[in-house]
Every structure is written in structure tokens, then in C-alpha cells.
Amino acid sequence: MFKYLFAKNEDIPAGAAAVFFGFSAIVWFIVGTGLGSFNAAKLAFPDFIYGVEMLAFGHMRQVHVLAVILGWISMAFAMAMMYITPALGNTKLWSEKLGVWNCFLWNVGLALGLFLLWMGVTSGREYSDLPWFIDLVVIFGVLFPLGLNVWMTIKTRRTQGIYTTNWFFGAATFMVMIVFLVGNSPEFFSLTGLTEAYLTWWFAHNVLGLWITPVAAAISYYIVPKVTGNPLYSHRIGHLHFWSVVVFYSTPAAHHLMSAPLPEWLKSFASVEGVLILVPAIAFVSNLLLTMTGKWKMFVENVEIKFTISGVLMAIPLNMQGGFQQTRAINWYIHGTGWIVAHAHLALLGFSTFLEAAAVYYGLQTLLRRKLYSLALANFHFWMLLIGFTTYWISMTIAGLIQGAGKIYEVPYIDVVIAEHPYMIARWVGGTMVFLGNCVWLFNMWKTARAGTVIPAGRLPHELAYER
Amino acid sequence: MAWKLDNPLHTMTSEDQNQKAVELWEAESLGGITEDNNRLPQPVLGLLVLTIITAFLITFPLWGQRPHAAMYEEYIQLMDSPEVKDLPDDKAMQFIVDKVKASNSKWSALQERHPLEMDDLRMIKDQVVELQKQGARLDEYTIVGNKVVIANFEGNFIDDKGTTRRERVQPWWDKGYTIDIVFILVFCVAVMIAVKRLPPFTFKPDHGKHH
């Protein structure tokens, strides 16, 4: 990477930035899930590394969350944007050099931000934990250069139309900057009280709603037609999906605070909009599953489709759960419990991670012109992720129901801790499986870069048979 | 970008514009990806309509109604009755619940949803009695733990003994829902226009014409 930082743009090979982002994303995924496994171990076994302040749960939790969101997920998005945006416009990335610098500064900035969080320098607000000066670095040093590259690549495309994926990429890179600017305003302007609470959750909601969910969906709009060779089922449903994300996903932030003394009309409004998140979800899932018509055997045989369709299918429970858990009656029971933690992992470790993994698998093979080193290891990675995540999700959902019952019926706290203990162990097992699977993934992709079968010019990776 | 509004459910674009779109659609390859022009399948359309209806039905405050002081007014009146005074707490509470239920209280459904014990009643009794003495509307006061506090709902302005103030009763319908309806209507109209400006769904692109 370093030799390209000061090279001329035309001397940097096409796809270099995407490859750097791809490998960075995998490394951050290992860091993030490793920290997750460590934190889960502390909840499952309270005596595990006890008494070391810097390794206390309070120091480590937010490092795990932001390593995953800004490291793994967002860098995988950047990787996808760096190769998919130009591909869909039949052109090159607007500035490969900007992309390489973007990747370099992103890694440095994130490492610095996470180090500060680990040291306890934090805003203290969940999801927007980073201190304000790091927020500014994220907005102007990370997100703006990424957006600029995406927008200019779309602008300089050599097609007349813009494919659905690029609508989402172009819009999401703009919207996420607004989310960071407005969502962090409590810290920029020292806002307190309900305003701070509302904006904190406006940020947290929209990082999911206007960044993670639409970009992950946009990736699958590329991967499924590209790999199956089928046309996207419906351009029209793409419109429905895109505009319903903008209208219905951006508005329900207040449903995270259903028990707070916010104006009741705002909660009513947000709660209806929260159920209506099912509108983009239904449009998205139906469009992608109908695109698979006649190619369902690839769900078993092809690793990118396996990851993508698993992610698409997870959008169904994710949005059903999300839509209903935020209604007054249900939220009263499960608010503040492990149920919410399970739901957050269904969104980030389930739905979106599977879609991003597909983008990284496909992108690295295409850009490196190397066939995947080992299908067996990729399948191992898939099942470690799927079984590990499912174990996590089910155990935390059950733990959440136990905690909810304990909360409502005023069961002594220690009794709740004892009752949920087996599920905390299961959570740790599931999370550790994901971590180990990711280590295998890094090895597989490293070997792919070094020893994967060379893909001849004009061919796509999935058109070649595996050699191992 | 000529508009054609004589048959808006078919297309809102003139024939020549549609023809140009069709030619581009069939000739252009977006990074090797092509698109079909299928309409939303009708069962999926039905699911979307069901989702919108469900969104309103399931989010009414009715399903998350908070306990207010008026719900327990009849309970508190019965606490000092001779039948109750001589009973142990659990039987006394059961007697009160049965008696109020038999009287067809207007709060029966909420009372069932928010059951109390005698100790709970004792904690709020004096506060409720005090409010009664002041002539307050008890359904404007919420029970929060062992406290009876003015509810944080802000309804319409009402006239109260010559002064104007906000009504504090939890609403079953408020302006939040009205805004939702406006959002949904605007969204439906905007998306209808977006898709009806495309060639009609009867056009099936021929993907063999790509470069």
C-alpha cells in the first residue's frame, strides 16, 4: 500500500484500493470478533482476567462495537464501492490514489479512535462513543473522500443509465455524512437531556438505516445478477425499495426510546414507521429471491451466492423482529435486555455481514484475477459464521426473555444472572466460532492472493472449476 | 421528458419517450448486468397493504396503555370496606378485584393488564385520595412505581376552570398517526409516479441485444 501513496494515479493498478480495503476489512473483522469473544467470555466467566482495569468490560465493549461497524462493515462497504461502482458504469474508479489514501487514513484513524476509546476517552453515548474530534476525522477524512470517489465515478460513468446498486451507493455515502454530522451534534454543541438521548438514538438508528442496511442490500443487487447471470427481476421494485428506505427507515428513531418522556405523538409516528421498515424489506427480499429463479442450485454450490442469499433470507426475521419489538406493548417487555443485543447482532453479524462477506469473496477473486484457494475452507468459514451466529442469536434472545421477565416481575438481579448463565456461555461459544471462522477466512484469502489459480482474461471467477 | 396523463396507471410517459427508454434498456449493459421490467407480484402487493394496515393496528397506545390513577379509584374505595378490613391481604385483594369486575367497571381491561397487590394499593392510596380532594382528573395521572404523577402526554388544549391547559390523558390516536398517513400517501404517490414514468410493465426487455 505504502508504495502507492505517493505514486501517480495512472501508475496505480486498477482495483488496488479495493484490494487494500478488502484485506483491511477482514483483519478488522478478526479484531472486532476477537474482542467480542473476549467480552463474551467476561460475561460468561466473571473471574476471567479479573482485576485488570484496562481489560474491564467497560473499556472493551465499545471498542468491539466500533471495530466491527467502522472496521469490518464499513471497510467492506468501501471495498465493494471501489470495485462495483466503476464496474457498473463500465469505467475505472475516479481516483485510485484517493482510494489508497482513503484506506490508509481510515486504518490509521480507526486505530487511533479505538485506542482512545480503550483508554476511556469517549463521549459516553452508545454507538456514537467516539470523541468529537475523531468524529470530525471520520466525516471529513474517511466518509467524504469515499463519497467523493463514488459520486465522481458515477458522474464519469460510460453508461447512460445508473444501476440500482449505484443509487444506493451514491445516496448512502451522502446520507451517512449527514447522520454523523447531525447525530453527533450533542457533543459538538453540548446538548443534554432528552435532546441528547433522542439524537444519540437518531444516530444509532440511521447508521443502520441509511448506511449499513441500504449498502448491504446494494451489494446483493450486484452479486446475485452478476454471479447467476440472471437479469435483476425488477427495476421497478428497485425503485420501491430505494424510496421506501429513504422515507420509512430514516424516520423511526424515537422507537428506541418508547419509555422515555418524548412527546407521545413522536413515539406514535415512529412506531408506525418502524413497522413500515417491512416495506423496503419485502421489496428487497422479493426482488432478490425472484432473481434467483432457475439458479437455486447455486445456493448450494456457489460460495458468493450462499453468503448472499443467506443474508437476504435473514432480512426476513430481522425486519419482522425489528418491526414488532419496537411497538409499545412488546418494547415494554424486552427493552434493555439481551433480546436487543440479539437483534443488533442479527442486523450486523447476520444480515449485513453475510452480504459483505460475499462482496469481499467475489471482489478479491475478481480484482486479484485469482480463483479462490480453497472452497472447503470457504464452506468451513460459511458454516462457522452461520452456526456461530445462530447460536449467539438464539441464546441471547432466550437470555433477553429471561431478563425481561426478571425486570417486569422484579426478580432479584442475582437470580436473573444465575438463570441466564448457560445462555451467556452459549453466546461466548457462538461468538468464538465466528472469530475462528474469520481467522480461517483470512488464511484462505491470503493463499488466494498468493497461490490461487489464475483467472484468464475475459473470464469470471465463478466460471472456473475449483482445483482444490 | 414529455408527460402523458390520459392513462396514468399504464404509463405517464409519451410513446416516443418510452420507445427511447426501451431501446436504451435493451442496448445498455451495466457492468454485465441486465434488468427485467416485472411488476410487483400481486401477493407481495397484498403483503405490503397488510403491512401498512398492521402498522397502525399494532402500534396504538391502547396496546401499551400505562396504568393511571383512575383505574384504581374503585379498588381504593373498597379498601376501607368492612368486608375487606378483616381479610388477609391476598384474599382481600381477590375480593376487591372480583367485586370491581362484577360491577362492570369501565377500566376492567386495563385492570386485568395491570394487576396490583394490597401493598401496592397502600402505597398509592393517600396520593389518590389527595388528588380526589383537589378535584383532579385521575386519568391524567400515571402510576410510576409507588408514585402517582401527572402524565407526560400532551393532548389538545382544554378549558379547565377558566384556564387553558393541555389534556394529559393518553391518546389512542394522535397527530403522530396523522403525520404517518401523510407520509404514506406522499410516498405512494411519489413511487407510483417514479415507476409509471418507466415503460409499462407489459414491456419485456430482450437481453440478447446487449453489446
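Since this is a predicted model, take the numbers as computed values, not measurements.

**Some points on the overall build of chain A**
Part 1 of the argument: Scanning chain A from terminus to terminus reveals 17 helices and 0 strands.
Part 2 of the argument: Taken against the 2.2 N^0.38 rule, which gives 23 Å for 468 residues, the C-alpha radius of gyration of chain A at 22 Å falls within 12% of a compact globule.
Part 3 of the argument: Once the C-alpha set of chain A is aligned to its principal axes, its extents read approximately 65 × 50 × 45 Å.
Part 4 of the argument: Looking at chain A as a whole, 58% of its 468 residues qualify as buried.
Part 5 of the argument: Put simply, 84% of the contacts in chain A that link residues at least 6 apart link residues at least 24 apart.

**As for the overall build of chain B**
Part 1 of the argument: Along the backbone of chain B there are 8 helices and 4 strands.
Part 2 of the argument: Mapped from its N terminus to its C terminus, chain B presents α and β elements in the order α-α-α-α-α-α-α-β-β-β-β-α.
Part 3 of the argument: Taking 17 Å as the expected radius of gyration for a compact globule of 211 residues, we find that chain B reaches 30 Å, considerably beyond that expectation.
Part 4 of the argument: Over its C-alpha atoms, taken along the principal directions, chain B stretches across nearly 90 × 45 × 30 Å.
Part 5 of the argument: Among the 211 residues that make up chain B, the fraction classed as buried is 19%.
Part 6 of the argument: Of the contacts made within chain B by residues no fewer than 6 positions apart, 61% connect residues no fewer than 24 positions apart.

**Here we look at helix α16 (residues 375–408) of chain A**
Part 1 of the argument: With 34 residues, α16(A) extends 49 Å from end C-alpha to end C-alpha; this agrees with the ideal 50 Å at 1.5 Å per step.
Part 2 of the argument: One or two positions beyond α16(A), positive phi appears at Glu410(A), with a value near 55 degrees.

**Structural notes on the interface of chain A and chain B**
Part 1 of the argument: Across the contact, 43 residues belong to chain A and 46 residues belong to chain B.
Part 2 of the argument: When contributions to the side of chain A that touches chain B are tallied by element, the ones reaching two or more residues are α3 (57–88), α8 (193–228), α9 (235–249), α10 (264–275), α11 (278–291) and α14 (328–334) of chain A.

**Some details on unusual backbone geometry**
Residue and element names in this part refer to chain A.
Part 1 of the argument: Unlike most non-glycine residues, Ile49 shows phi in positive territory, near 45 degrees.
Part 2 of the argument: By the C-beta count within 10 Å, which is 11 here, Ile49 ends up exposed.
Part 3 of the argument: For Asn90, which is not a glycine, the phi torsion comes out positive at approximately 50 degrees.
Part 4 of the argument: Note on placement: Asn90 falls in the loop between α3 and α4 (96–119).
Part 5 of the argument: The class for Asn90 is partly exposed, based on 15 C-beta atoms found within 10 Å.

**Considerations on the packing of α16(A) against helix α17 (residues 413–451) of chain A**
When two helices pack together, their arrangement is given by the angle between their axes and by how far apart the axes lie.
Residues and elements named next belong to chain A.
Part 1 of the argument: Two elements in contact, α16 and α17, have axes whose closest approach is 8 Å; the angle formed by their N-to-C orientations is 160 degrees. It follows that α16 is roughly antiparallel to α17 by the angle criterion. With respect to the hand of their crossing, α16 and α17 are arranged in left-handed fashion.
Part 2 of the argument: Of the residues that constitute the contact of α16 with α17, the class distribution is 23 nonpolar, 10 polar and 2 charged.

**Brief notes about the pairing of strand β1 (residues 141–144) of chain B**
Residue and element names in this part refer to chain B.
Part 1 of the argument: Going residue by residue along β1, you find Tyr141 and Ile143 tucked away on one face and Thr142 and Val144 left uncovered on the opposite face.
Part 2 of the argument: Sheet analysis places β1 next to strand β2 (residues 147–150), joined by 4 bridges and oriented antiparallel. Looking at β2, one finds that Val144 is bridged to Lys147.
Part 3 of the argument: Taking the residues that link successive antiparallel strands as the turn, the β1-β2 hairpin has 2 residues, and the phi of Gly145 there is positive, at about 65 degrees.

**A short note on helix α5 (residues 89–102) of chain B**
Residues and elements named next belong to chain B.
Part 1 of the argument: If you check α5, its first and last C-alpha atoms are 20 Å apart, about what 14 residues at 1.5 Å a residue would give, namely 20 Å.
Part 2 of the argument: Of the residues making up α5, those classed as buried are Ala92, Met93, Ile96 and Val100. Projection of α5 onto a plane perpendicular to its axis shows the buried side chains occupying an angular sector of 100 degrees, all on one side. The outward face of α5, more than 90 degrees from its buried face, is lined by the exposed residues Asp90, Lys91, Gln94, Asp98 and Ala102.
Part 3 of the argument: Along its buried surface, α5 packs onto α3 (73–79), α4 (82–85), α6 (108–113) and α7 (118–134).
Part 4 of the argument: Phi turns positive one or two residues past the end of α5, at Asn104, with a value near 55 degrees.

**Considerations on the environment of Thr308(A)**
Residue and element names in this part refer to chain A.
Part 1 of the argument: You can see Thr308 is positioned in helix α13 (residues 303–325).
Part 2 of the argument: Separated by 46 residues in sequence, Thr308 and Phe354 place their C-alpha atoms 6.0 Å apart.
Part 3 of the argument: In contact with Thr308, not counting residues within four places along its chain, are Ser220, Ile223, Val224, Leu355 and Ala358.

**What to know about the environment of Ser14(B)**
Residues and elements named next belong to chain B.
Part 1 of the argument: One can find Ser14 in the segment before α1 (15–27).
Part 2 of the argument: Ser14 sits in the partly exposed class, given 13 other C-beta atoms within 10 Å.
Part 3 of the argument: Counting along the chain gives 54 residues from Ser14 to His68, while the straight-line C-alpha distance between them is 60 Å.
Part 4 of the argument: Sequence-distant contacts of Ser14, that is, excluding residues within four places in its chain, are made with Ala2 and Lys4.

**A short note on the confidence of the model for chain B**
Part 1 of the argument: Predicted confidence across chain B gives a mean pLDDT of 91, with 99% of residues reaching 70 or more.
Part 2 of the argument: ipTM for the predicted complex: 0.89, alongside a pTM of 0.91.

**Observations regarding the packing of α8(A) against helix α15 (residues 338–368) of chain A**
Residue and element names in this part refer to chain A.
Part 1 of the argument: Where α8 contacts α15, the axes come no closer than 9 Å and their chain directions differ by 45 degrees. Between α8 and α15, the crossing angle belongs to the class labelled oblique. The hand of the α8/α15 crossing is left-handed. Across the interface between the two elements, Leu208, Ile212, Ala216, Ile219, Ser220, Ile223 and Val227 from α8 touch Ala347, Leu348, Phe351, Ser352, Leu355, Glu356, Ala358, Ala359 and Tyr362 from α15.
Part 2 of the argument: Of the residues contributing to the contact of α8 with α15, the split by class is 13 nonpolar, 2 polar and 1 charged.

The rules we used
- Every chain's residues receive numbers from 1 upward, in the order its sequence appears when written.
- Whichever chain is written first is A, and whichever ligand is written first is 1; the rest continue in order.
- With pLDDT at 70 or above as the cut-off, local features in this predicted model cover only qualifying residues; side-chain atom pairs require 80 or more to be listed or tallied, and sums for whole chains, interfaces and linings still use all residues.
- Each helix is a run of H or I in the DSSP string that is no shorter than four residues. Each strand is a run of E no shorter than two, and both are numbered from the N terminus.
- Values of the radius of gyration come from C-alpha atoms, whereas the globule rule sets the reference at 2.2 Å times the count of residues to the power 0.38.
- Counting other C-beta atoms within 10 Å of a residue's C-beta gives its exposure: the residue is buried at 20 or more, exposed at 12 or fewer, and partly exposed in between, where C-beta atoms are placed from the backbone.
- By the convention adopted here, residues are in contact when the distance between their C-beta atoms, placed from the backbone, does not exceed 7 Å.
- A helix is expected to span 1.5 Å for every residue after the first.
- Where helices are involved, their axes are fitted lines through C-alpha atoms of the stretch in contact, as for all axes, and angles between N-to-C directions lie from 0 to 180°.
- Each angle gets one of four labels, with under 35 degrees taken as roughly parallel, over 145 as roughly antiparallel, 65 to 115 as roughly perpendicular, and the rest as oblique.
- Crossings are sorted by hand: turned counterclockwise from the far helix by less than a right angle, the near helix makes the crossing left-handed, and turned clockwise it makes it right-handed.
- Residue polarity is assigned by list, with Asp, Glu, Lys and Arg as charged and Ala, Val, Leu, Ile, Met, Phe, Trp, Tyr, Cys and Pro as nonpolar; anything else, Gly included, falls into the polar class.
- Here, a strand pair is defined by DSSP locating no fewer than two bridges between the strands.
- Here the arc refers to the set of directions running from the helix axis out to each C-beta atom.
- How sure the predictor is of each residue is captured by pLDDT, a score from 0 to 100.

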